[in-house]
Amino acid sequence: MIKKTFFGLLLITTSISQVLASTEIQGYIYVNKPISSSVIIRDANNKILQTTSNKAGFYQQDVSNLTPPLIVFTNENSLARKADDNLICSGNCLVSYVHSLQKDRKNTVNINPLTDFLASELAKKVNLLGSEDLVNNQSSFPIDDTALSSTYNKFNLLFDKALHQIGIEDKSFDPITNINQDITKLLDVLLFNRGYSSATGKVTETILFDMRLVPISQDAPLDYYQAAKQKEKNINAKKRIFILGDSTASNYDKKVYPRMGWGQVFDQYIDDKTDTIVINGAQSGRSSRSFKTEGWFDLIKPFMKNGDYMIIAFGHNDEKCDSSNPKRGKVDVANLCTYPNDANNQKQYPSNQENMSFQASLESYLAVAKELDMTPILMTPVTRYKDKNNKIAYQDQNKNPVSHLHYTTNKSGFAYWGDYSSTIKHTAKVNQVALIDLESLSIDFANQHKDDWQSYWLVVDPNDPNYPYYKTQSSGVIGNPDATHFQEKGAHAIAKIIATAISNHPQLKQNLVDVKKFINKN
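Scoring rules and cut-offs
Counting of residues starts from 1 at the beginning of each chain's written sequence and follows it residue by residue. At least 70 in pLDDT is required for a residue's local features to be given in this predicted model, at least 80 for side-chain atom pairs to be given and counted, and no such filter applies to totals for whole chains, interfaces and linings, which use all residues. The side-chain numbers reported here are obtained from all heavy atoms of the structure, hydrogens and water having been left aside. Strands here mean DSSP runs of E at least two residues long; helices mean DSSP runs of H or I at least four residues long; both are numbered from the N terminus. We take the radius of gyration over the C-alpha atoms and set the globule estimate at 2.2 Å times the residue count to the 0.38 power. Relative accessibility thresholds used throughout: buried, under 20% of the residue-type maximum; exposed, over 50%; partly exposed, between the two (1.4 Å probe, protein chains only). Between two residues, a contact is recorded if the distance between any of their heavy atoms is within 4.5 Å. All accessible areas in this document rest on Shrake-Rupley with a 1.4 Å probe, and a residue is counted as covered only by the protein chains that are shown. A pair of strands counts as paired when DSSP detects no fewer than two bridges linking them. Each axis is a line fitted through C-alpha atoms, and for a helix only the stretch in contact is used; angles between axes span 0 to 180 degrees, taken between their N-to-C directions. In this text, buried Ala, Val, Leu, Ile, Met, Phe, Trp, Tyr and Cys residues form a nonpolar core when linked through side-chain atoms within 4.5 Å. When a carboxyl oxygen of Asp or Glu is within 4 Å of a side-chain nitrogen of Lys or Arg, the pair counts as a salt bridge. Each residue after the first adds 1.5 Å to the expected span of a helix. We define a polar contact as two N or O atoms separated by no more than 3.5 Å, with the added condition that, inside protein, one atom must be a possible hydrogen donor and the other a possible acceptor, whereas residues neighbouring each other in sequence contribute only through side-chain atom pairs. Per-residue confidence from the predictor is reported as pLDDT, which spans 0 to 100. In this analysis, rings of Phe, Tyr and Trp, with Trp reduced to its six-membered ring, are considered paired at centre separations within 6.5 Å, and the interplanar angle assigns stacked below 30 degrees, edge-to-face beyond 60, and tilted for intermediate values. Only Lys NZ and Arg CZ are tested; either one counts as a charge over a ring when it is within 6 Å of the ring centre and within 35 degrees of the ring normal.

1. A word on the overall build of the protein
Here is step 1 of the chain: Across its full length, the protein carries 14 helices and 17 strands.
Here is step 2 of the chain: For the protein, the C-alpha radius of gyration of 25 Å lies close to 24 Å, the compact-globule estimate for 522 residues.
Here is step 3 of the chain: Overall, the protein is about 75 × 50 × 50 Å in size when its C-alpha atoms are taken along their principal axes.
Here is step 4 of the chain: In the protein, buried positions account for 55% of the 522 residues.
Here is step 5 of the chain: Here the analysis covers contacts within the protein between residues at least 6 apart in sequence; of these, 67% occur between residues at least 24 apart.
Here is step 6 of the chain: Accessible surface, the protein as shown: approximately 23,000 Å² in total, 47% of it carbon and sulfur.

Take a look at the structure:
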């Protein structure tokens, strides 16, 4: 029978209607380092107490007058995201949830990414979006043994191996109540952020990553030794190549194989002699604006050093500026959209919102690269396998070739319109930085593969037993091809195109990639 306390707090259960006497909570706030911040405690009756943690991240508070369950959180922009003043949390909180307390004693309630992940998983069990929705939603919700058991089971699947590797053998280890200092070893090799609902624009579940920016999942549980080794590489390699981009470049979980982003395999095209590593920060669904406002850039920025490379590859989601789209137009404009330059290459954006200019958004990354003496590389977006009419090319008697599509026109719903690829080229020119015209290069490639393009873009046989995930998918399968994303062969093809362009570029180091290394790659 499962413990009646959340996160393994094996205590004397107190009736939620019972007033506690001389009961305290205390703990540590830690995110790769101790966090000194405010701590807010809310009880079942929405009564709130507030305290602060010290420089060591330690806090304590008498909660004798509170009624459990308690939500304990800090909202000090732990994720470096822009906060929404209308919400208690909006992408910047760390959360712990305590179902019951030990009466007349000190109760340990730590706050860290692991407790936040557990709170997020529990929240989803009761139809909330994640840990922050748990904080923002002040209504009561049921917690039962099934939800608790499922949450624990997932935590154990993801972290038992890593806990064992750092010397924590206790199978009932609880990140909220355990004060074993070894847990900081684990927290030091974790990165975390929030998901994003494209339908509503709201912050969703907690996502934990290893030091390769690969999401920790049941198919990829955390390996502490591997993560620690990768962190050392991230810090000590002679050079780093950072990929800033969207779903065409991002890392994918094993369960969706053969889907891959080109950034997922790009490290295979780097010259081993250069002691250069790739840090692929690209994230699905992000634009040049949301990649920064959602905190993704801040996850990788601490690793950036003098002499590194920054590949900036946006455009697919920056184009989502149609406010008349009934499904998600207003949400996209509010969170993703940036506007391209006009026909005279003048920036376009609403009054006092220059961050909605595509050029200005790109230049915000160039400013960081300049400040850190990095080499930025601007890239036009990789092509979709579509023709000038936005239809799949060479399909069903269609003889139209793959064409340039990264532009918007004067249509209802668009405040401004123009050409995104041209804006990137202009931004590279005026800022005197390297440009790779990946759109043109990938269009040439696509039109050379009109007979076998489905081997490169995501078109999977749903009945293939090797790919069970696609048995239930309605997109990316034969009958409804995904003309935007790639499978493994396509990811390698695009990575090879980019590597070749880098090796031939007069502004870039000639020894960054190894031509011989990828000459036989598909």
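Moving on, there is more to tell.
2. What to know about the sheet that holds strand β4 (residues 58–62)
Here is step 1 of the chain: As summarised here, the arrangement of the three strands in space is β4-β1-β7, forming an open sheet in which the pairing is mixed. With one partner strand each, in any of the chains shown, β4 and β7 (106–108) form the two edges of the open sheet. Each strand of the sheet is rotated relative to its neighbour by a mean of 20 degrees, with strand direction disregarded.
Here is step 2 of the chain: Note: strand β1 (residues 24–28) against β4, five bridges, orientation antiparallel. The residue bridging Glu-24 from the neighbouring strand is Asp-62, located in β4.

3. Here's the deal with the nonpolar core
Here is step 1 of the chain: Grouped together as the largest cluster of nonpolar side chains are 78 residues, with contacts concentrated most on Phe-159, Leu-244 and Met-310.
Here is step 2 of the chain: A total of six residues in this core trace back to one element, the largest contributor, which is helix α10 (residues 358–371).
Here is step 3 of the chain: Dropping the residues within four chain positions of it, Met-310 is found in contact with Phe-242, Leu-244, Phe-297, Met-304, Tyr-365, Val-368, Ala-369, Met-374, Thr-375, Pro-376 and Ile-377.

4. Brief notes about the pattern of salt bridges
Here is step 1 of the chain: Evaluation of the coordinates by the stated rule reveals 15 salt bridges.
Here is step 2 of the chain: Residues Asp-210 and Arg-212 are paired through a salt bridge, measuring 2.5 Å at the closest nitrogen-oxygen approach.
Here is step 3 of the chain: Looking at Arg-212, the relative accessible area reads 32%, which means it is partly exposed.
Here is step 4 of the chain: With a closest N to O distance of 2.8 Å, Arg-240 and Asp-308 form a salt bridge. Remark: Asp-308 occurs in the loop between α8 (296–300) and β13 (309–313) and Arg-240 occurs in strand β10 (residues 239–245); sequence separation between them is 68 residues.
Here is step 5 of the chain: Arg-240 gets classed as buried once you look at its relative accessible area, which sits at 1%.
Here is step 6 of the chain: Taking the relative accessible area as the measure of exposure, Asp-308 reaches 0% and is therefore buried.

5. A look at helix α1 (residues 113–125)
Here is step 1 of the chain: Helix length check: α1, at 13 residues, gives a terminal C-alpha distance of 19 Å against a target of 18 Å (1.5 Å per residue), a fit within 8%.
Here is step 2 of the chain: Among the residues of α1, those classed as buried are Pro-113, Leu-114, Thr-115, Asp-116, Phe-117, Leu-118, Ala-119, Ser-120, Glu-121, Leu-122 and Ala-123.
Here is step 3 of the chain: Of the surrounding elements, those touching the buried residues of α1 are β6 (94–98), α2 (131–136), α3 (145–165), α4 (183–187), β8 (191–196) and β9 (203–209).
Here is step 4 of the chain: Two or three places before Leu-114, at the start of α1, stands the capping residue Asn-112, its side-chain oxygen 2.9 Å from that residue's backbone nitrogen.

6. Here's the deal with the confidence of the model for the protein
Here is step 1 of the chain: Averaged over every residue, the pLDDT of the protein is 91; the share at 70 or more is 93%.
Here is step 2 of the chain: A low-confidence stretch, residues 1–20 (pLDDT under 50), is modelled with 68 contacts involving residues beyond four sequence positions or located in other chains.

7. Section: the environment of Gly-245
Here is step 1 of the chain: On the secondary structure map, Gly-245 appears in strand β10.
Here is step 2 of the chain: Residue Gly-245 is classed as buried on the basis of its relative accessible area of 0%.
Here is step 3 of the chain: Residue contacts for Gly-245: discarding those within four places in its chain leaves Ala-282, Gln-283, Phe-291, Ala-313 and Phe-314.

8. A look at the packing of aromatic side chains
Here is step 1 of the chain: With the rule as written, the count across this model stands at 20 aromatic pairs.
Here is step 2 of the chain: Ring pairs connect the aromatic residues Tyr-385, Tyr-394, Phe-445, Trp-453, Tyr-456, Trp-457 and Phe-486, which therefore count as one cluster.
Here is step 3 of the chain: Seen from the ring of Tyr-365, Lys-292 lies directly overhead, with NZ or CZ sitting 4.5 Å from the centre.

9. Things to note about unusual backbone geometry
Here is step 1 of the chain: Following Pro-68, the chain continues to Pro-69 via a peptide bond in cis, the omega torsion being 10 degrees.
Here is step 2 of the chain: Inspection of the secondary structure puts Pro-69 in the loop between β4 and β5 (70–74).
Here is step 3 of the chain: Note the cis peptide between Tyr-257 and Pro-258, where omega equals 20 degrees.
Here is step 4 of the chain: Its location among the elements puts Pro-258 in the loop between β10 and β11 (259–260).

10. What to know about the pairing of β8
Here is step 1 of the chain: Buried residues dominate β8, accounting for six of its six residues.
Here is step 2 of the chain: Inspection of the sheet shows β8 paired to β9 by five bridges, in the antiparallel sense. Bridging from a neighbouring strand, Arg-194 pairs with Thr-206 of β9.
Here is step 3 of the chain: Here β8 hands over to β9 after six residues, with Gly-201 in that stretch at a positive phi of 80 degrees.

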